[in-house]
Amino acid sequence: MKFEIIKADNYEEMSRIAAEKVISKITEKPNAILGLATGSTPEGLYKLLIEDHQKHYTSYRYVKTVNLDEYVGLDKDDKNSYFTFMREKLFNHIDVDLNNTNIPDGTAANMEEEAARYEKYIDEIGGVDLQILGIGHNGHIGFNEPGTSFKSTTHLIKLAEKTREANARFFNSMDEVPTEAITMGIQSIMDSKEIILLVSGASKAEALKNLVYGEITEDFPASVLRLHNKVTIIADQDALQLI
Ligand code: GLP
């Protein structure tokens, strides 16, 4: 196995180890391209980056960010859009230039064009230096659901029911949960120079076990990470219980 697994005692420690890695990347390369994720898992990491920025003045002035995915059909200022999530949880509290933050546009009239534009942009800025990832219960990374080609680039995807159910906690009802998303593809994620995967909680234990010991298959998208040459998994004890 090529990847490293760092065992954290709990969510706080997982977030702290991840924050140290992100901060050291930015210190070493002030104009780093950061790949960012949404979901509950990286929230602790983002809090620590904000704290560090306030206390130690780590600067994001020359950093560019590229987010993995966005729901299709939600306005940018919808409280559940990833556009809003990233501003509230991170961007509004650090000195990143908002013009340098990028999220696929889930309101674009032509999703194919938007996907091509996004992919081209990532390419033009030289690719992602450090990609933060979470994992879905069904092994999705970004919003690449089971069955997505390992060769996929940014694309429109229909969300799995399991994913909609998992994310329903943020919406008033299941009906409000979008059915589609635009996501960086598996190839786009694999092109990152370095990846940090965060895994927390007992509900992710099965997924982590599959990722580490299961078959490398498009039916379990995260399994592709075993083919990358610089992946660090930072997981807490609850998530590691089947390892
Ligand atoms: C979400 C996101 C993923 C995220 C995953 C897990 O739907 N699109 O990028 O990693 O599902 O989310 P959470 O961290 O809330 O468990």
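Being a predicted model, the structure only gives us computed values, none of them experimental.

Participant: Looking at this structure, how should I read the sheet that holds strand β10 (residues 231–236)?
Facilitator: Picture the strands of a sheet paired through backbone hydrogen bonds; they go either parallel or antiparallel. Strand order in the open sheet formed by seven strands is β1-β10-β9-β6-β2-β3-β5, with parallel pairing between adjacent strands. Both outer strands of the open sheet, β1 (4–8) and β5 (101–102), are each paired with one neighbouring strand and no more. Note: β1 against β10, five bridges, orientation parallel. Across the sheet, residue Ala8 finds its bridge partner in β10, namely Asp236.

Participant: I tried to follow the site of the ligand on my own but got confused; where do I start?
Facilitator: Of all residues adjacent to the ligand, which total 14 residues, the nearest are Ser40, Thr41, Asp69, Asn167 and Lys204. Asp69 is positioned such that a nitrogen or oxygen atom in its side chain is 2.9 Å from a nitrogen atom of the ligand. Arg169 is positioned with one of its side-chain polar atoms (N or O) 3.0 Å from an oxygen atom of the ligand. Protein contacts shield 94% of the accessible area of the ligand, which totals 390 Å² for the unbound molecule. A breakdown of the residues in the shell around the ligand according to their chemical character gives three nonpolar, eight polar and three charged.

Participant: Sorry if this is basic, but what is going on with the packing of helix α2 (residues 43–56) against helix α3 (residues 82–89) here?
Facilitator: Two measures define how a pair of helices packs: the angle their axes make with one another and the distance between the axes. Their axes nearest at 10 Å, the elements α2 and α3 cross at an angle of 40 degrees. Comparing their axes, α3 and α2 come out oblique. Here Glu43, Tyr46 and Ile50 of α2 lie close against α3, whose contacting residues are Phe85, Met86 and Lys89. Of the residues contributing to the contact of α2 with α3, the split by class is four nonpolar, no polar and two charged.

Participant: Help me out: how do you make sense of helix α1 (residues 11–28) in this one?
Facilitator: Every α-helix carries 3.6 residues per turn, so stepping three or four residues along brings you back to the same face. Here α1 spans 26 Å end to end across 18 residues, near enough to the 26 Å set by a 1.5 Å rise per residue. Considered for burial, the residues of α1 that qualify are Met14, Ser15, Ile17, Ala18, Ala19, Val22, Ile23, Lys25 and Ile26. Here the buried face of α1 lies against β1, β2 (33–36), α2, β6 (130–133), β9 (195–199) and β10. Taking the backbone nitrogen of Glu12 as reference, a side-chain oxygen 3.3 Å away marks Asn10 as the first, capping residue of α1.

Participant: Just to check I follow, could you spell out the side chain of Glu119 for this structure?
Facilitator: Mapping Glu119 onto the fold places it in helix α4 (residues 111–124). Within the buried core, Glu119 has no salt-bridge partner, and the shortest N-O distance to an opposite charge, that of Arg117, equals 11 Å. With near-sequence residues (within four places) excluded, Glu119 lies in contact with Thr153, Thr154 and Ser188.

Conventions used here
- Residues numbered from 1 in each chain as written.
- Predicted model: local features only at pLDDT ≥ 70, side-chain atom pairs only at ≥ 80, totals over all residues.
- Heavy atoms only, no water.
- Pairing = 2+ DSSP bridges.
- Helix = DSSP H or I, 4+ residues; strand = E, 2+ residues; numbered from the N terminus.
- Near = heavy atom within 4 Å.
- Polar contact = N/O pair within 3.5 Å; in protein donor to acceptor, adjacent residues only side chain to side chain.
- Areas by Shrake-Rupley, 256 points an atom, 1.4 Å probe, with all protein chains shown as cover.
- Nonpolar A, V, L, I, M, F, W, Y, C, P; charged D, E, K, R; others polar.
- Axes fitted to C-alpha atoms, helices over the stretch in contact; angles between N-to-C directions.
- Parallel < 35°, antiparallel > 145°, perpendicular 65-115°, else oblique.
- Contact = heavy atoms within 4.5 Å.
- Expected span 1.5 Å × (residues − 1).
- Buried < 20%, exposed > 50% of the residue type's maximum accessible area, 1.4 Å probe, protein only.
- Lys, Arg positive; Asp, Glu negative; His and termini not counted.
- Salt bridge = Lys/Arg side-chain N within 4 Å of Asp/Glu carboxyl O.

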